[in-house]
Every structure is written in structure tokens, then in C-alpha cells.
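Each chain, written out:
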Amino acid sequence: MGIPTLISTHTASDAASVDITSGIDSTYDEYMFVFTDINPAEDARIGVQFNVDGASGFNETITSTLFKAYSYESGSAALAYEDGHDQAQGTALQGLTTSVGSGSDESCAGILHLFSPANTTYVKHFYSRVLQYASSDYAGDVFTAGYVNVTGAIDEIQFKMSSGNFDGVIQMYGIA
Amino acid sequence: MAMTLITTNTSSDDATSDFTSSIDNTYKLYIFKFYDVNPATDTADFTFNGSDDASSHSYDIIKTTTYFTFYHNEDDSNYNLAYQAARDLAQSTAFQLLTDSQGSGGDESSAGELFLFNPSNTTYVKHFYARDNAYYSGDISRQNYIAGYFNTTAAITALQFKMSTGNMDAVIKMYGVG
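Now for a description of the structure that goes with this document. Predicted, not measured: the structure shown is a model, and the values here were computed from it. (Residues numbered from 1 in each chain as written. Chains lettered and ligands numbered in written order. Predicted model: local features only at pLDDT ≥ 70, side-chain atom pairs only at ≥ 80, totals over all residues. Heavy atoms only, no water.)

Quick look at the interface of chain B and chain A now. Across the boundary between the two partners, chain B contributes 38 residues, which contact 37 residues of chain A. For the pair chain B and chain A, the summed buried area comes to about 2900 Å², and 59% of that belongs to carbon and sulfur atoms. At the boundary of chain B and chain A, one finds two salt bridges. Here Lys-33 of chain B makes a salt bridge to Glu-30 of chain A, at a shortest N to O gap of 3.0 Å. At the boundary of chain B and chain A, one finds 23 residue pairs in polar contact (both at pLDDT 80 or more). Those elements giving two or more residues to the side of chain B that touches chain A turn out to be β1 (3-14), β3 (29-39), β5 (63-73), β6 (79-83), β9 (110-117), β10 (126-136), β11 (140-150) and β13 (168-177) of chain B. Per-class residue counts for the side of chain B that touches chain A are 16 nonpolar, ten polar and twelve charged. (Contact = heavy atoms within 4.5 Å. Buried area = accessible area lost by both parts, 1.4 Å probe. Salt bridge = Lys/Arg side-chain N within 4 Å of Asp/Glu carboxyl O. Polar contact = N/O pair within 3.5 Å; in protein donor to acceptor, adjacent residues only side chain to side chain. Helix = DSSP H or I, 4+ residues; strand = E, 2+ residues; numbered from the N terminus. Nonpolar A, V, L, I, M, F, W, Y, C, P; charged D, E, K, R; others polar.)

Shown next, in the form of C-alpha cells:
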């Protein structure tokens, strides 16, 4: 079996969320989530949250950072911190983009890495890089990182938009 | 991108984690993934260096590098996206930081990956880049971006990871891609 190993594929079609509730365990030291063709029903951010083994709800405590490089179709471009999209011991949905356009050809794609989710000693680090067609017509290259500030094992993950439903494909890989 | 796991080093209160074999011309790209890196000493930096000497592994290759970071305090008191001029190298043989000032608390750690390109090439310098996230001493989440080159045309045959001071726990895996 190759590395990375494809564990599961989740196809969202006008779905409120994609919840991956199996396959995250001590088998792999790292899980990689590749998401493609994410198209929201309304302009919105895609985000992620986690659930600790034995708990309920996707509402774990996160401290995170998020910045982006962006270039508008009209020409202006810069590197910027995105205040309001990161968290300081928050339990909200962790954004992985700014507002993704809901137009018929607008989408985002990227990769999220989750490290050592089954470890019960340390916090759980994650980071992502996501390319987006923003709702205000710019190309965004968004870098998010942080840790889930729990020592319990994380065994579930949820992807959803900040509002509304979405289409998309999310594939979970294990890296042994 | 198919990867092959070559070596796993598990450190338990060790001074260094050394990869002294299998870095050769088998692969054009080597990826080092590090998990659960916890220093014994608070505010220690997680670092690496290379060797081009297969006999003694002196870990003193000249490097020129870049380092930028973005941090955010758990109490929301501070955040900053900035180049870290004190953490890069300019033709230095010192160990390159992958994280800085890590917390040594029982649940504090770092994780990330280092990409090393074509280490066996004997014509060009050897490029690398890394990305990681760390629990910084003082309860801060910090994502780090490091890149640069070993300024040597000799083949890089070994890598060493260590904290800037004190021992560490860590799992570091070396993969070949190709």
C-alpha cells in the first residue's frame, strides 16, 4: 500500500457538512485531507473543527493563525493577516479561507495536515494551504495553522462552510 | 506523490536525532516529518544541520536561509506576521532553526515537515524548505516557514536534528519521493 494511503473519499452535494467519523486513529502519525472543487451555495468560508474521542460536538479549543497572499483580478495584490479568521482559545469553526465565491465557476482547493491525532500527551497541531476564488474576485493563497489545545485523542473532523451548504470532494489520506 | 518510508527515529530524552544512512541518489527528494517534538528545556529551539562527510558527520555545512513566522497568543493579547531576521542564516555553519523558543510543558510540542531536494547532486547547492507549527513558550501558536540552501556542491549524506539546548522527545521520519 502506498504512502500517502487513501482512507476515504467524501463527496458533498449541497451538503451542510462533511463529517469524517471513522478512520482517524493511531494507525497513522499524520492525516492529510485533500479537498477539491469546494463550491459554496452562498459566499462563505470553508472551515474545520474537531471532536475528541468520547466527547460530542465539533467544538474543541483552538489557537490559530491565518494569513493570505492575494491578487485581485483588477490588479492590486498584497500579503495580509486576516483578523477575525484566527482564534485565541476559541471553539468556533476554524476558517481555512476567506469568503469563497459561490459563482458557478468559483471554488477553492487545498490540503490540510493533522499531526498525531491519537497522541494523548500533547496538543494537536494542524496546518493548511488553500487556494481560493474569492467572492470579491481575487486569487487567494491562504495559510492557516494552529493547535487543538487538547491532550485527548481526536477521532473525528468536520468540514463545513461558515454559512450555507456546499459541493465538493474531500479525501482523507494516512501517512505512516 | 508516492513516498517511501526509509527510517523512523524515536527520541526519548535524547540530545540528537541523526540520519546517517540512506541519504543518497536513490531519491531526488527527501521529506523529514517531525511529530510530538517536546524539549526538556523551556524556550529551546528545534534545529537541524547537514553533513557532507560520510566518515565523521561534523554537521557544519554553510547555509543561507530565510525564516518568517506568524504567531497568535492564546489570550489574544498579541499576534504578528513578520520576517525573523535573527533566525535566518547568511553563510553560516550554525544549526538552522525549525522552531524557536518552544514550550517544554507536558502537553507542549511542535510538528511539521522538512523537504530536502536532490542531496546527492555534486554540481549545485542543495535546497530545502520547511513548514511547521509550534507551541511557543508563553502559550502561543506559531507557524514557521523556513527555506534556504546548503551552499556546497558536495553530496549531503546525513542530517542531524537537535534542540538548541537540552534534550528532547520526538518522532522524526525520513521518506524518499520518486
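With that out of the way, let us pick up the sheet that holds strand β12 (residues 166-175) of chain A. All names here are of chain A. Within the open sheet, the eight strands sit side by side as β1-β12-β3-β8-β9-β10-β5-β6. Their pairing is antiparallel. A strand with exactly one partner marks an edge of an open sheet, and here the two such strands are β1 (5-15) and β6 (77-81). Each strand of the sheet is rotated relative to its neighbour by a mean of 10°, with strand direction disregarded. Sheet analysis places strand β3 (residues 30-40) next to β12, joined by nine bridges and oriented antiparallel. Along β12, the bridge assignment pairs Phe-35 with Ile-170. (Pairing = 2+ DSSP bridges. Axes fitted to C-alpha atoms, helices over the stretch in contact; angles between N-to-C directions.)

Now for the nonpolar core. By size, the foremost hydrophobic cluster in this structure holds 32 residues, and its most contacted members are Ile-20, Phe-33, Phe-50, Ile-157 and Phe-159 of chain A. The residues touching Phe-50 of chain A, leaving out its near neighbours within four places in the chain, are Gly-57, Phe-58, Asn-59, Glu-60, Ile-62, Leu-114, Phe-126, Val-148, Ile-154, Glu-156 and Ile-157 of chain A. In terms of nonpolar packing, the next biggest core, distinct from the first, is built from 28 residues, Phe-34, Val-37, Ile-146 and Met-163 of chain B among them. (Core = buried A, V, L, I, M, F, W, Y, C linked by side-chain atoms within 4.5 Å. Buried < 20%, exposed > 50% of the residue type's maximum accessible area, 1.4 Å probe, protein only.)

The next point concerns the packing of aromatic side chains. In the structure shown here, the tally under the stated rule is 30 aromatic pairs over all chains. Taken together, the ring pairs in this structure connect Phe-19, Phe-32, Phe-34, Phe-46, Phe-48, Phe-128, Phe-150 and Phe-161 of chain B into an aromatic cluster. Lys-68 of chain A extends its terminal NZ or CZ atom over the ring of Tyr-70 of chain A, reaching a point 4.9 Å from the ring centre. Over the aromatic face of Phe-95 of chain B sits the side chain of Lys-162 of chain B, whose NZ or CZ is 4.3 Å from the ring centroid. (Phe/Tyr/Trp six-rings, centres within 6.5 Å; stacked < 30°, edge-to-face > 60°. Lys NZ or Arg CZ within 6 Å of the ring centre and 35° of its normal.)

So, about the pattern of salt bridges. All names here are of chain B. For the structure shown, the criterion picks out seven salt bridges over all chains. Taking the shortest distance from any N to any O, the salt bridge between Lys-33 and Glu-113 comes out at 2.6 Å. You can see Lys-33 sitting in strand β3 and its partner Glu-113 sitting in strand β9, a full 80 residues away along the chain. Accessibility assignment for this pair places Lys-33 and Glu-113 in one class, buried.

For the rest of this paragraph, the subject is the environment of Ala-40 of chain B. All names here are of chain B. Here Ala-40 is to be found in the loop between β3 and β4 (46-51). The spatial distance from the C-alpha of Ala-40 to the C-alpha of Gly-105 is 8.6 Å, given a sequence separation of 65 residues. Ignoring sequence-local partners within four residues, the contact set of Ala-40 consists of Asp-13, Ser-104, Asn-167 and Met-168.

As a further point, take the pairing of strand β9 (residues 124-133) of chain A. Residues and elements named next belong to chain A. Within β9, seven of the ten residues are buried, leaving the element largely enclosed by the surrounding structure. Two elements, β9 and strand β10 (residues 138-148), share ten bridges in a ladder whose sense is antiparallel. Bridge assignment links Leu-131 to a residue of β10, and that residue is Asp-141. Between the antiparallel neighbours β9 and β10 lie four residues, among them Asp-137 with a positive phi of about 65°.

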